[in-house]
Structure formats: structure tokens, C-alpha cells
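# Topology and contacts: notes
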Amino acid sequence: MNSLFLPEQHPVEQALRGLALAHPGLLHLTEDPLYVTARDRHPGRRVGIVSGGGSGHEPLHTGFVGRGMLDAAVPGRIFASPHNRQVYEASRAVAGRDGVLHVVKNYTGDRINFGIAAERLRADGIPVRRVLVDDDLATESTETATGRRGTGATVIVEKLLGGAADSGLGLDELAGLGAEFAAASRSLAVAARAQTSPSRGGEAFALPDGTLEYGVGIHGERAAATLEHPGFDQLVDRMTEQVLDALPTTTGSVLLLVNGLGATTLLELYAVHARVAELLDKRGVNVAGRLVGTLVPALDMSGFSLTLTALREDWAAFWHAPARTLALPALESIR
């Protein structure tokens, strides 16, 4: 039986204390209510950028707090939205002279709690806008009212927005760009084994040997299809073609994220990356920036996701702008 090495009482608070102790030069922890802020920000930034969501996806979002990316991150319980008071207080703490921008993954709880916080901020006279990330192809269906889930593209959107904010853009400009970044992004994830259930231990759901959950969610949501494993090349090719063909537009250049879901090794992720890069090259698609690693996991799920963002030429400077966070510590790591 799998197990998570977490304390029985207040696991998220304990983890955040450890995070802040490990990175005192980067992060400041506020415990009541719980949120993390950056100790350093670009002097030209006019807008504070805040994101957050359920815990269990680390380094998202706390690992991307720092100069060049997020000003604050608000963690909820494992796979649960943060409370609106957390979002409100974190936003007040980092709001710039032009206000605050919320980066929100498309889940009902996140939308509700960030929305309540935004109403409170506006009542205080603090301008606030929202960028909604909804990149997950597996939930693109007219049969649901919720729309696509927000998944791996959140990292790309946060990096691009951070670079744009550091260039001195205002709130409305950033909100407009953020919507374009999100609209240009699509993701798809597969898993061969579910994550450990934090409440009862053991796998959250069972998969027969030799099968894959094709289109799994970052909270361990079951996919619409469970498939026989088609083999490495066929699987990666199918995913790459599906994500690439789903992009609303492409200028011939993309940003690529190969993301582990928690228990997938770098050996596997780099092999996937090589295959994706080969296929994109054959399709005449230039990879202008890439990330490979476990950046948006689902606790300890065995699987990976692919994200592509169609990159406009004028966005490249935002992608390559300097960033210093614990998960993306240097510019060289994201070229």
C-alpha cells in the first residue's frame, strides 16, 4: 500500500513552514491566514500577481513565487480551494499601485473563492482582474457547463505574465495578455497509476495492468477513457498530435512543457521530451522555449502531461525575462 509521509495534523501548514525555512531569502510565510509572498520584486512592477489552489501540486504555486513570476501564492488543503480570506489578505499584501491580477485555474471552488476575494478588494478600492486558465483537452466538452480544467499551462501563463508585469504593463493590459496566453495553450495528461489517497491511503483508483487513464486530471479525476497501453512511441505521438492540432492558432513556434505527475522519473520525462521534440520538428514547429520536470504533479501519480502554447513573436521577451524562484531559479533553466 502506498503512503504519504505527512503529519496527521495540519500537513499543509507544516509543509509551508518547512518551505519558508528552506528559502528565507525568497519567501515570507504568513500563517493566519496562510499564504506566501515574495521577498523581492522588480521595481518597475505596477501590478501584484497572485495565484493559488489546492495543495498536492507542489511546486505549483508556491514554487513560482519570486522576482519575475508571482508576488503571492495561496495554498488550500490537499486538492481543495483556498479560502477567500486567504486570497483577500494575500492580494492586499502585494497589490501594486495599479492593483492586483489573479491567475485562477478553472475549477469551481477556485473561481468562487477568488471571486469573493475580488469583490472584497474592489470594495476596498483596489483594482483587480482575473486570468482564467482552462487548457485541459480532456474536459473540452459541450456536455459540461464548467469548461476545460486548468492544468499544466498555469506555469507558462504565470511565467509570461511575470515577464509582462516586470516590463511595466498596467492591470488591464496584463489581464488582456493573460487571457491570450491561456487561450493559446492546451494540455493533455495520462496516468498508469493513481495517486495515493491522503485520507485513506492506498491508490485513489485502480487501473488494470497494462492500461492507461487517458485524459486524467491533476486532482486524480478519472479520464473518459481507459486504454490498453499502445507503446511509448504511439502514446507520445498520439498525445503530441492531439495537443498540437487543438491549438487555436500557431505561428510555427511553441512553448513546450513536459510535466511529471509526481512519481514519474526524469529518465522517463526526458525520453518523452526527445520524442515530442522530434515529432514537432517533423511538423515544422519550432520549440522556442521548453520546460521538463515535475512542476504540476498530482501528489504521487505515475503519469505525465504535455502542454503546448502557440507563441506570438512579441511574447518571447516575456518568456525569457529573468525570474528567480525556487522552482525556476535562473533564466537558463527555461530557455
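A brief structural summary. (Residues numbered from 1 in each chain as written. Predicted model: local features only at pLDDT ≥ 70, side-chain atom pairs only at ≥ 80, totals over all residues. Heavy atoms only, no water.)

### Quick word on the packing of helix α2 (residues 84–94) against helix α3 (residues 108–123)
Our working definition: For helices, the axis comes from a line fit to the C-alpha atoms of the stretch in contact; other axes are also lines fit to C-alpha atoms, and the angle between any two N-to-C directions lies between 0 and 180 degrees. A run of H or I in DSSP counts as a helix once it spans at least four residues, and a run of E counts as a strand once it spans at least two, with each numbered from the N terminus. An angle counts as roughly parallel when it lies under 35 degrees, as roughly antiparallel when it exceeds 145, as roughly perpendicular when it falls between 65 and 115, and as oblique in every other case. Take the far helix as the reference: if the near one is turned anticlockwise from it by less than a right angle, the crossing is left-handed, and if turned clockwise, right-handed. Contacts are assigned to residue pairs that have any heavy atoms within 4.5 Å of one another. In this classification, Asp, Glu, Lys and Arg are treated as charged, Ala, Val, Leu, Ile, Met, Phe, Trp, Tyr, Cys and Pro as nonpolar, and every other residue, Gly included, as polar.
The geometry of α2 relative to α3 is characterised by a closest axis approach of 8 Å and an angle of 45° between their N-to-C directions. Between α2 and α3, the angle is such that the two are oblique. Note on packing geometry: the crossing formed by α2 with α3 is right-handed. Along the contact surface, α2 presents Asn84, Arg85, Val87, Tyr88, Ser91 and Arg92, while α3 presents Asn113, Phe114, Ile116, Ala117, Arg120 and Leu121. Classifying every residue of the contact of α2 with α3 gives 6 nonpolar, 3 polar and 3 charged.

### Quick look at the pattern of salt bridges
Selection rule: A pair is scored as a salt bridge if a Lys or Arg side-chain nitrogen falls within 4 Å of a carboxyl oxygen belonging to Asp or Glu. Type-normalised accessible area, obtained with a 1.4 Å probe on protein chains alone, sets the label of each residue: buried when under 20%, exposed when over 50%, and partly exposed for intermediate values.
Taken as a whole, this structure holds 23 salt bridges when the rule is applied. The closest approach of N and O atoms between Glu13 and Arg77, which form a salt bridge, is 2.7 Å. Of this pair, Glu13 sits in helix α1 (residues 11–22) while Arg77 sits in strand β4 (residues 72–78); the two residues are 64 residues apart in sequence, bridging distant segments of the chain. The salt bridge partner of Arg85 is Asp32, with a shortest N-O separation of 3.3 Å. Of this pair, Arg85 sits in helix α2 while Asp32 sits in the loop between β1 (27–31) and β2 (34–38), and the two are 53 residues apart along the sequence. By relative accessible area, Arg85 is classed as partly exposed at 36%. One network of salt bridges, with partners in common, ties together Asp233, Asp237, Arg275, Glu278 and Lys282.

### Description of the sheet that holds strand β12 (residues 302–310)
In sheet architecture, strand pairing relies on hydrogen bonds along the backbone and comes in two forms, parallel and antiparallel. Where we set the bar: In this analysis, strands are considered paired if DSSP registers two or more bridges between them.
Strand order across the open sheet formed by 6 strands is β9-β8-β7-β12-β10-β11, with mixed pairing between neighbours. Of all strands in the sheet, those bounded by a partner on one side alone are β9 (225–228) and β11 (286–293). Across the sheet, the mean angle from the axis of one strand to that of its neighbour is 20°, orientation sign disregarded. Where strand β10 (residues 253–260) meets β11, 7 bridges bridge the pair, whose relative direction is parallel.

Distances and angles like these do not, on their own, reveal function.
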